[in-house]
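Residues per chain are reported as follows:
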Amino acid sequence: MASIKPFLPLSPSLKQAILSPFPSSLISCKPTFDSSVSLPISHFNRLPRLVAVSVAFNPSGNFDISLYDDDDDSSKVSPPMPPSEGRIEVVIDNDVISRLDLSPFHSATGITSPSSAETKEFLERTIGFTINYTREDPYDPRELSEFPDIRLWFVRLDATYPWLPVVLDWRAGELARYSAMLVPHQMSMRMGVVFNPEALELFIMKKVFVVYSWLKQHKVPKPRLKTSDMARMLGFGIGDELFDLIDQHQGAPS
């Protein structure tokens, strides 16, 4: 379920409504499994600079409503499902990461350029990542998405193939982990990934524009539905009005 709460407790005067910088008819933040709750996202008005607002969800893309009820075991993060059978596996390690080397991705997927992707195959098989990363300090508690060098490798990958989120293995949590590599966040033992909400919203909107145009360019059936499903995995609902605007004002082809 959806939740937007601060990392730090707020005084009553600071518990104000959350406003969204995007029109509510175009984008909404709703829980994946409970349509009775609808929360717009962005920031608390006049919050102190050090009080961050977060959106929390587990690696399966489901939202959790409680950030504070430590005694409630029902709200703890569930582990992601196992990798989808037959998916394309991209294996990277410290050496590949340190050199910003994308060749393992190219070898595993057969992609030699941004325009050479076999769209249908990737959408059917999906893509996942195995990260064999050896920490300098074996007691370093950070998650993989908290290491700057790993994140930089994914930043380069995303800059080269910005449509990649739509072909990831969503079922196994790859979309959530990929997003964590690119969006500012914190980790919670109970909640999993806790994103900065404005950064997540901007990331999702950018991917909606990129993915929808990419699917249409490759004549994939029902591009609106596929794009909306991707956004919904991260808790966002995209209205048809947004797609209508995109179709009415097409950008220049890249």
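A.B. asks: Which parts of the structure should I look at to understand the overall build of the protein?
C.D. replies: Counting secondary structure elements, the protein contains 8 helices and 10 strands. Buried positions account for 45% of the 254 residues belonging to the protein. Summarising the internal contacts of the protein: among those between residues at least 6 apart in sequence, 71% fall at separations of at least 24.

A.B. asks: Honestly, helix H5 (residues 174-182) in this entry has me stumped. Any pointers?
C.D. replies: For an α-helix the count is 3.6 residues per turn, leaving residues at separations of three or four pointing the same way. Burial of H5 is extensive: 7 of the 9 residues sit out of reach of the surface. Among the residues making up H5, those that are buried are Glu-174, Leu-175, Ala-176, Tyr-178, Ser-179, Ala-180 and Met-181.

A.B. asks: What is the right way to look at the pattern of salt bridges in this model?
C.D. replies: Opposite charge on two side chains allows them to pair when their charged atoms are near. Summed over the entire model, instances satisfying the criterion amount to 14 salt bridges. Each member of the salt-bridge network shares a partner with another, and the members are Arg-87, Glu-89, Asp-169, Glu-174 and Arg-177.

A.B. asks: I tried to follow the pairing of strand S9 (residues 192-195) on my own but got confused; where do I start?
C.D. replies: In summary, the side chains of a regular strand alternate between the two faces of the sheet. Here 4 bridges tie strand S8 (residues 185-188) to S9, and the two strands are oriented antiparallel to one another. Bridge assignment links Ser-188 to a residue of S9, and that residue is Gly-192. Counted along the chain from S8 to the antiparallel partner S9, the turn is 3 residues long.

A.B. asks: Whenever I open this one, the environment of Val-193 confuses me. Can you help?
C.D. replies: Along the chain, Val-193 turns up in strand S9. Note: C-alpha distance between Val-193 and Ala-176 (17 residues apart in sequence) is 8.3 Å.

A.B. asks: Help me understand the nonpolar core in this model?
C.D. replies: Nonpolar side chains in soluble globular proteins tend to end up buried together. Residues Phe-129, Ile-131, Phe-154, Leu-157 and Leu-164 are the most contacted members of the largest nonpolar core, which totals 53 residues. The dominant element in this core, judged by the number of residues it contributes, is helix H6 (residues 197-217), at 9 residues. Residues contacting Ile-131, with those up to four places away along its chain left out, are Ile-92, Ile-97, Leu-144, Ile-150, Phe-154, Arg-177 and Met-181.

A.B. asks: Would you mind showing me how to read the packing of H6 against helix H7 (residues 223-233) here?
C.D. replies: For any two helices packed against each other, one specifies the crossing angle of their axes together with the interaxial distance. Orientation of H6 relative to H7, taken along the N-to-C sense of each, is 155 degrees, at an axis distance of 9 Å. Put simply, H6 runs roughly antiparallel to H7. Crossing geometry of H6 relative to H7 is assigned as right-handed. Contact residues: H6 offers Ile-204, Lys-207, Val-208, Val-211, Tyr-212, Leu-215 and Lys-216, while H7 offers Pro-223, Arg-224, Lys-226, Thr-227, Met-230 and Ala-231.

A.B. asks: Just checking my understanding: could you explain the side chain of Ser-228 for this structure?
C.D. replies: As for its placement among the helices and strands, Ser-228 is situated in helix H7. Residue classification places Ser-228 among the buried residues on the basis of a relative accessible area of 7%. If we ignore the near neighbours within four places in the chain, the residues touching Ser-228 are Phe-236, Ile-238 and Phe-243.

A.B. asks: When you look at helix H8 (residues 240-248) in this model, what are you seeing that I'm missing?
C.D. replies: By the burial criterion, the buried members of H8 are Leu-242, Phe-243 and Ile-246. Relative to the axis of H8, the buried residues are bounded by an arc of 95 degrees and lie together on one face. In this structure, the buried residues of H8 make contact with H6, H7 and strand S10 (236-238).

A.B. asks: How should the confidence of the model for the protein be read in this particular structure?
C.D. replies: Low-confidence regions, as indicated by low pLDDT, have predicted coordinates that should not be scrutinised in detail. Counting all residues, the mean pLDDT for the protein is 76, and 68% of those residues have values of 70 or more. Taken as a whole, residues 1-21 scores under 50 in pLDDT and shows 75 contacts with residues more than four places along the chain or in a different chain. Per-residue pLDDT stays below 50 along residues 29-71; that stretch engages in 143 contacts with residues further than four places along the chain or on separate chains.

A.B. asks: Please clarify how the packing of aromatic side chains should be interpreted in this entry.
C.D. replies: For any pair of aromatic rings, the description rests on two quantities: the centre-to-centre distance and the angle between the ring planes. Counted under the stated rule, the structure contains 9 aromatic pairs. A ring pair is formed by Tyr-212 and Phe-243, whose centres lie 4.7 Å apart and whose planes are at 55 degrees; its orientation type is tilted. You can see Tyr-212 sitting in helix H6 and its partner Phe-243 sitting in helix H8, a full 31 residues away along the chain. The burial state of Tyr-212 is the same as that of Phe-243; both residues are buried. Three or more aromatic residues link up through ring pairs in this structure, and these residues are Phe-105, Tyr-161, Trp-163 and Trp-214. Sitting above the plane of the Phe-147 ring, Arg-142 keeps its charged end 4.1 Å from the centroid. One Lys or Arg, Lys-226, reaches over the ring of Trp-170 and ends 4.6 Å from the middle of that ring.

A.B. asks: Help me understand the packing of H6 against H8, please; the structure alone is not making it clear to me.
C.D. replies: Put simply, H6 and H8 touch, their axes get as near as 11 Å, and they point 60 degrees apart. As judged from the angle between their axes, H6 and H8 are oblique. The interaxial crossing formed by H6 with H8 has right-handed handedness. Residues Met-205, Val-208, Phe-209, Tyr-212 and Lys-216 of H6 form the contact with H8, whose participating residues are Leu-242, Phe-243, Ile-246 and Asp-247.

The rules behind each value
Residues numbered from 1 in each chain as written. Predicted model: local features only at pLDDT ≥ 70, side-chain atom pairs only at ≥ 80, totals over all residues. Heavy atoms only, no water. Helix = DSSP H or I, 4+ residues; strand = E, 2+ residues; numbered from the N terminus. Buried < 20%, exposed > 50% of the residue type's maximum accessible area, 1.4 Å probe, protein only. Contact = heavy atoms within 4.5 Å. Salt bridge = Lys/Arg side-chain N within 4 Å of Asp/Glu carboxyl O. Pairing = 2+ DSSP bridges. Core = buried A, V, L, I, M, F, W, Y, C linked by side-chain atoms within 4.5 Å. Axes fitted to C-alpha atoms, helices over the stretch in contact; angles between N-to-C directions. Parallel < 35°, antiparallel > 145°, perpendicular 65-115°, else oblique. Left-handed = near helix turned anticlockwise from the far one by under 90°. Arc of directions from axis to C-beta. pLDDT = per-residue confidence, 0-100. Phe/Tyr/Trp six-rings, centres within 6.5 Å; stacked < 30°, edge-to-face > 60°. Lys NZ or Arg CZ within 6 Å of the ring centre and 35° of its normal.

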